[in-house]
Amino acid sequence: MEWLDEQEENIARYLELESVSVKDEPAIMWCLAPYVSIWTLAPDADRDRIWIVSGDLPTDYIIDADISDARTAASAFAKRWVDVSECMIQGQSHPTIQIGHMNDPNKRRELGELLRRRASILSKWATDDSIWEEEP
(Lines give C-alpha, C1' and ligand atoms only; values in the text may rest on other atoms or scores of the structure.)
Protein backbone atom coordinates (compact mmCIF):
# COMPACT_ATOMS: atom_id res chain seq x y z
CA MET A 1 0.00 0.00 0.00
CA GLU A 2 1.45 3.33 -1.11
CA TRP A 3 0.20 5.19 1.97
CA LEU A 4 2.02 2.80 4.30
CA ASP A 5 5.21 3.20 2.28
CA GLU A 6 4.91 6.98 2.72
CA GLN A 7 4.42 6.55 6.46
CA GLU A 8 7.46 4.30 6.72
CA GLU A 9 9.56 6.96 4.95
CA ASN A 10 8.11 9.62 7.24
CA ILE A 11 9.04 7.54 10.29
CA ALA A 12 12.61 7.03 9.06
CA ARG A 13 13.06 10.80 8.59
CA TYR A 14 11.46 11.55 11.94
CA LEU A 15 13.58 9.09 13.91
CA GLU A 16 16.70 10.47 12.23
CA LEU A 17 15.71 14.04 13.18
CA GLU A 18 15.08 12.86 16.74
CA SER A 19 18.50 11.15 16.79
CA VAL A 20 16.94 7.76 17.51
CA SER A 21 19.32 5.19 16.09
CA VAL A 22 17.75 2.04 14.74
CA LYS A 23 19.23 -1.08 13.22
CA ASP A 24 16.09 -2.62 11.76
CA GLU A 25 13.17 -1.45 9.65
CA PRO A 26 10.04 -0.56 11.62
CA ALA A 27 7.25 -3.14 11.47
CA ILE A 28 3.69 -2.01 10.87
CA MET A 29 1.47 -3.23 13.70
CA TRP A 30 -1.82 -1.52 12.87
CA CYS A 31 -3.25 1.11 10.58
CA LEU A 32 -6.44 2.89 9.77
CA ALA A 33 -5.41 4.41 6.44
CA PRO A 34 -5.16 7.25 5.67
CA TYR A 35 -5.43 8.47 9.25
CA VAL A 36 -3.07 6.61 11.51
CA SER A 37 -0.43 3.92 11.50
CA ILE A 38 1.34 2.39 14.48
CA TRP A 39 4.75 0.79 14.05
CA THR A 40 7.27 -0.85 16.31
CA LEU A 41 10.96 -1.54 16.41
CA ALA A 42 12.31 -4.49 18.32
CA PRO A 43 14.46 -3.43 21.23
CA ASP A 44 18.22 -3.55 21.22
CA ALA A 45 19.79 -5.36 24.14
CA ASP A 46 20.09 -2.08 26.05
CA ARG A 47 16.78 -0.46 25.06
CA ASP A 48 13.05 -1.07 25.43
CA ARG A 49 10.69 -1.48 22.47
CA ILE A 50 10.04 1.66 20.40
CA TRP A 51 6.49 2.44 19.30
CA ILE A 52 5.91 5.03 16.56
CA VAL A 53 2.71 6.69 15.40
CA SER A 54 2.35 8.40 12.03
CA GLY A 55 -0.40 9.61 9.74
CA ASP A 56 -2.81 12.55 9.84
CA LEU A 57 -1.55 13.41 13.30
CA PRO A 58 1.81 14.21 14.85
CA THR A 59 4.53 11.66 14.23
CA ASP A 60 5.72 10.62 17.67
CA TYR A 61 7.49 7.79 19.41
CA ILE A 62 7.49 6.18 22.83
CA ILE A 63 10.14 3.87 24.25
CA ASP A 64 8.39 1.64 26.75
CA ALA A 65 8.80 -2.00 27.79
CA ASP A 66 5.26 -2.13 29.21
CA ILE A 67 3.50 -1.48 25.88
CA SER A 68 2.80 -4.89 24.41
CA ASP A 69 0.60 -4.13 21.40
CA ALA A 70 -0.53 -1.41 19.01
CA ARG A 71 -3.79 -0.80 20.83
CA THR A 72 -1.97 -0.10 24.10
CA ALA A 73 0.44 2.12 22.18
CA ALA A 74 -2.47 4.12 20.71
CA SER A 75 -3.84 4.67 24.19
CA ALA A 76 -0.41 5.70 25.50
CA PHE A 77 0.06 8.24 22.69
CA ALA A 78 -3.43 9.67 23.34
CA LYS A 79 -2.75 10.10 27.07
CA ARG A 80 0.61 11.68 26.39
CA TRP A 81 -0.87 14.12 23.88
CA VAL A 82 -3.62 15.19 26.28
CA ASP A 83 -0.93 16.12 28.81
CA VAL A 84 1.12 18.00 26.22
CA SER A 85 -1.94 19.74 24.74
CA GLU A 86 -3.00 21.07 28.15
CA CYS A 87 0.32 22.91 28.48
CA MET A 88 0.11 24.19 24.92
CA ILE A 89 -3.47 25.44 25.34
CA GLN A 90 -2.27 27.44 28.34
CA GLY A 91 0.36 28.98 26.03
CA GLN A 92 3.20 27.12 27.70
CA SER A 93 5.74 24.56 26.61
CA HIS A 94 5.56 21.07 28.04
CA PRO A 95 8.59 20.47 30.31
CA THR A 96 9.82 17.37 28.47
CA ILE A 97 7.98 17.03 25.14
CA GLN A 98 7.97 19.51 22.29
CA ILE A 99 5.48 19.31 19.46
CA GLY A 100 6.01 22.03 16.91
CA HIS A 101 8.57 24.78 17.15
CA MET A 102 6.45 27.78 18.06
CA ASN A 103 7.52 30.69 20.18
CA ASP A 104 4.17 32.43 19.73
CA PRO A 105 1.84 31.46 22.63
CA ASN A 106 -1.24 32.00 20.42
CA LYS A 107 0.04 29.57 17.78
CA ARG A 108 0.99 27.15 20.56
CA ARG A 109 -2.60 27.32 21.88
CA GLU A 110 -3.98 26.72 18.40
CA LEU A 111 -1.71 23.71 17.88
CA GLY A 112 -2.60 22.52 21.39
CA GLU A 113 -6.31 22.49 20.50
CA LEU A 114 -5.55 20.50 17.36
CA LEU A 115 -3.40 18.06 19.35
CA ARG A 116 -6.15 17.63 21.94
CA ARG A 117 -8.63 16.76 19.18
CA ARG A 118 -6.21 14.22 17.68
CA ALA A 119 -5.65 12.75 21.15
CA SER A 120 -9.40 12.42 21.66
CA ILE A 121 -9.86 10.64 18.32
CA LEU A 122 -6.92 8.30 18.97
CA SER A 123 -8.28 7.53 22.44
CA LYS A 124 -11.70 6.66 20.98
CA TRP A 125 -10.10 4.41 18.38
CA ALA A 126 -8.07 2.66 21.09
CA THR A 127 -11.34 1.64 22.78
CA ASP A 128 -13.25 0.71 19.61
CA ASP A 129 -13.18 -3.08 19.34
CA SER A 130 -14.48 -3.03 15.76
CA ILE A 131 -11.33 -1.46 14.29
CA TRP A 132 -8.86 -3.80 15.97
CA GLU A 133 -10.05 -7.01 14.36
CA GLU A 134 -7.82 -6.95 11.29
CA GLU A 135 -4.07 -6.64 10.86
CA PRO A 136 -2.62 -4.45 8.09
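Rules used throughout
Residues numbered from 1 in each chain as written. Predicted model: local features only at pLDDT ≥ 70, side-chain atom pairs only at ≥ 80, totals over all residues. Heavy atoms only, no water. Buried < 20%, exposed > 50% of the residue type's maximum accessible area, 1.4 Å probe, protein only. Helix = DSSP H or I, 4+ residues; strand = E, 2+ residues; numbered from the N terminus. Pairing = 2+ DSSP bridges. Core = buried A, V, L, I, M, F, W, Y, C linked by side-chain atoms within 4.5 Å. Contact = heavy atoms within 4.5 Å. Salt bridge = Lys/Arg side-chain N within 4 Å of Asp/Glu carboxyl O. Patch = residues over 30% accessible without salt bridge, like charges linked within 9 Å, V, L, I, M, F, W, Y side chains within 5 Å. Areas by Shrake-Rupley, 256 points an atom, 1.4 Å probe, with all protein chains shown as cover. Lys, Arg positive; Asp, Glu negative; His and termini not counted. Charge placed at Lys NZ, Arg CZ, Asp CG, Glu CD. Expected span 1.5 Å × (residues − 1).

Caption draft 1: Layout of the pairing of strand S4 (residues 57-63). Judged by how many residues are buried, S4 sits mostly within the fold: six of seven residues are covered. In this sheet, S4 lies alongside strand S3 (residues 50-55) in antiparallel orientation, the contact comprising five bridges. Looking at S4, one finds that Ile-50 is bridged to Ile-63.

Caption draft 2: Up close: the nonpolar core. Of all hydrophobic cores here, the largest spans 24 residues; its most connected members are Ile-38, Phe-77 and Trp-81. Residue assignment for this core shows that the elements contributing at least two residues are strand S2 (36-41), S3, S4, helix H2 (70-89) and helix H3 (105-127). For this core, the element with the highest residue contribution is H2, accounting for eight residues. Discounting residues that sit within four places of it in the chain, Ile-38 has contacts with Ala-27, Ile-28, Met-29, Trp-30, Trp-51, Ile-52, Val-53, Ala-70, Ala-73 and Ala-74. Among the nonpolar cores identified, the runner-up in size contains 12 residues, and Trp-3, Ile-11, Cys-31 and Ile-52 belong to it.

Caption draft 3: Region of the structure containing the pattern of salt bridges. Summed over all chains, the structure comprises four salt bridges. Residues Arg-80 and Asp-60 are paired through a salt bridge, measuring 3.0 Å at the closest nitrogen-oxygen approach. Within this pair, whereas Arg-80 is found in helix H2, its partner Asp-60 is found in strand S4, the two being separated by 20 residues in sequence. Arg-80 gets classed as partly exposed once you look at its relative accessible area, which sits at 24%.

Caption draft 4: Expanded view of a negative patch on the surface. A surface patch of like charges, here negative, comprises Glu-2, Asp-5, Glu-6 and Glu-9. Inspection of the secondary structure assignment puts Glu-9 in helix H1 (residues 2-17). Using a relative accessible area of 49% as the deciding quantity, one classes Glu-9 as partly exposed.

Caption draft 5: Molecular detail of H3. With 23 residues, H3 should cover 33 Å at 1.5 Å per step; its first-to-last C-alpha distance of 33 Å lies within 8% of that length. Among all positions of H3, only Arg-108, Gly-112, Leu-115, Ala-119, Leu-122 and Ala-126 are buried. In this structure, the buried residues of H3 make contact with S2, S4 and H2.

Keep in mind these values describe shape, not function.
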